[in-house]
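Here is what each chain is made of, one letter per residue.
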Amino acid sequence: MRFEQYYLECLSHASYLIGDESSGLAVVVDPQRDVAGYVADAEAAGLRIAYVVETHFHADFLSGHLELAAATGAEIVFGEAAKPEFPARLVTDGERISLGEVVLEFRATPGHTPESISVVVWEHADDDEPWGVLTGDTLFIGDVGRPDLLASIGFTAGELGSMLYDSLREKLLPLPDATRVWPAHGAGSACGKNLSTETMSTIGEQRLTNYAFQDMTRERFVDIVTEGQPVAPEYFLHDAVLNRKSRELLDDARPQPMDLRTVEAARERGAVLLDVRDPDGFAAGHLAGAVNVGLDGRFAEYAGDVLRAGQEVVVATDPGREREARTRLARIGFDRVVGAVAVEEALVERPDLAERSTRLAAMDVAAWRDTEPAL
């Protein structure tokens, strides 16, 4: 068996490539939207990606199942409770798919969403114990998937929390202690409140340390998993809906360069000028009216709180990072990048359009607010 975890730090997102070297078949689980890495790695290992499995309709990123299917001919797989608006194989609880010697067993584990599944991985069909389990957003390291996201339209947090209680105890807790646990997210994700920085664990370790596995009533469990959850980013509902639909495939080409006249025309029709340089560079000088979200760090998540779905975007950046900005926005389904402008060149051409910003710490802002007279 060949097993690879891909961890995208900026979205705290884990995806997986599982291959059977005896048959040459492979599966990708919960892929990010830009899928070239999976395709290249599979080809280098002599594997053909035959399936792409989604553990649920993700809310925090736009998944790459359609891109992988188009690139490789892979069959898309969801749990039977999913209702995707594109061709897909819907697997039942306990159903298995054989890659050769490697076998995938699907378990219905609703709770984070109604259609959530977990994927039990058997290195050989006749092994006494499974090798591992890919838990999606059902079970994290140190936490479980929140049941209150808007991804689950038509269900209450209490209803989903009750489903999650059963899923953990009936489908995951019975697995042997040595079973490796591979979740879809780690620390920093808004899909839970207490995620570990670790990206792999075991059922035995989680049995001892994860609060959700401890002995408690259903009512107490629902109270714990629904209280204290972080505010979900604005774009989550957009992605949860879009992941169900047949949509346009990723276009990660370099955005077309724009001159200042074209930029202004785009802004007049409602486009946002998004300056993706670091905050110090932005403060030192930027085009008037630009909004700053730096590319380094959790760019897509922060940009998703600033922008609105369907809004046109002009990227303002240093030369060479335009394509990166477009791809990272596309990872959360913000595809309307209409062009890019080189900030420093534009400011040299039109210094009258330059603005500066002052950076203040939160404590300084609070002190300033307290000393300002009331209006």
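Residues numbered from 1 in each chain as written. Predicted model: local features only at pLDDT ≥ 70, side-chain atom pairs only at ≥ 80, totals over all residues. Heavy atoms only, no water.

Caption draft 1: Local environment of the overall build of the chain. Secondary structure summary: the chain contains 12 helices and 18 strands in total. For the chain, the C-alpha radius of gyration of 23 Å lies close to 21 Å, the compact-globule estimate for 375 residues. Projected onto its principal axes, the C-alpha positions of the chain cover 75 × 50 × 35 Å. Taken across its 375 residues, the chain has 53% of its residues classed as buried. The long-range fraction of contacts in the chain, counting pairs at least 24 apart against all pairs at least 6 apart in sequence, stands at 67%. Accessible area for the chain stands at about 16,500 Å²; split by element, carbon and sulfur atoms hold 50% of it. Placing the 35 positive and 64 negative side-chain charges of the chain at their respective mean positions leaves the two points 3 Å apart. (Helix = DSSP H or I, 4+ residues; strand = E, 2+ residues; numbered from the N terminus. Rg over C-alpha atoms; globule rule 2.2 N^0.38 Å. Buried < 20%, exposed > 50% of the residue type's maximum accessible area, 1.4 Å probe, protein only. Contact = heavy atoms within 4.5 Å. Areas by Shrake-Rupley, 256 points an atom, 1.4 Å probe, with all protein chains shown as cover. Lys, Arg positive; Asp, Glu negative; His and termini not counted. Charge placed at Lys NZ, Arg CZ, Asp CG, Glu CD.)

Caption draft 2: Just the packing of helix α9 (residues 299-306) against helix α10 (residues 322-330), in detail. Two elements in contact, α9 and α10, have axes separated by 9 Å at closest approach and are oriented at 70°. Our classification of the angle between α9 and α10 gives roughly perpendicular. Contact with α9, carried on its side by F299, A300 and A303, involves A325, R328 and L329 of α10 and no other residues of that element. Grouping the amino acids of the contact of α9 with α10 by side-chain chemistry returns five nonpolar, no polar and one charged. (Axes fitted to C-alpha atoms, helices over the stretch in contact; angles between N-to-C directions. Parallel < 35°, antiparallel > 145°, perpendicular 65-115°, else oblique. Nonpolar A, V, L, I, M, F, W, Y, C, P; charged D, E, K, R; others polar.)

Caption draft 3: Representation of the pairing of strand β10 (residues 132-136) in the model. Counting buried positions along β10 yields five of five residues, so the element is predominantly enclosed. Looking at chain direction, strand β9 (residues 117-122) and β10 are connected through three bridges and run antiparallel. Looking at β10, one finds that V119 is bridged to L134. In this sheet, strand β11 (residues 180-183) lies alongside β10 in parallel orientation, the contact comprising four bridges. Of the residues in β11, the one forming a bridge with L134 is W182. (Pairing = 2+ DSSP bridges.)

Caption draft 4: Representation of the sheet that holds β9. A sheet is described by the order of its strands in space; here six strands give the open sequence β7-β8-β9-β10-β11-β12, paired in mixed fashion. The sheet is open, and its two borders are formed by β7 (96-98) and β12 (201-202), each paired with just one other strand. Packing against the sheet, helix α3 (residues 157-172) makes contact with β8 (103-108), β9 and β10, and its axis sits at approximately 145° to β8.

Caption draft 5: Here's a closer look at the sheet that holds strand β6 (residues 89-91). Taken in spatial order, the six strands make up an open sheet running β1-β2-β3-β4-β5-β6, and their pairing is mixed. Two strands lie at the open edges of the sheet, namely β1 (2-8) and β6, each paired on one side alone. The mean inter-strand angle of the sheet, taken between neighbouring strand axes irrespective of direction, is 25°. By the bridge criterion, five bridges tie strand β2 (residues 13-20) to strand β3 (residues 25-29) in an arrangement that is antiparallel. Counted as the bridge partner of L17 is V28 from β3.

Keep in mind that these numbers describe shape and distance, not what the molecule does.
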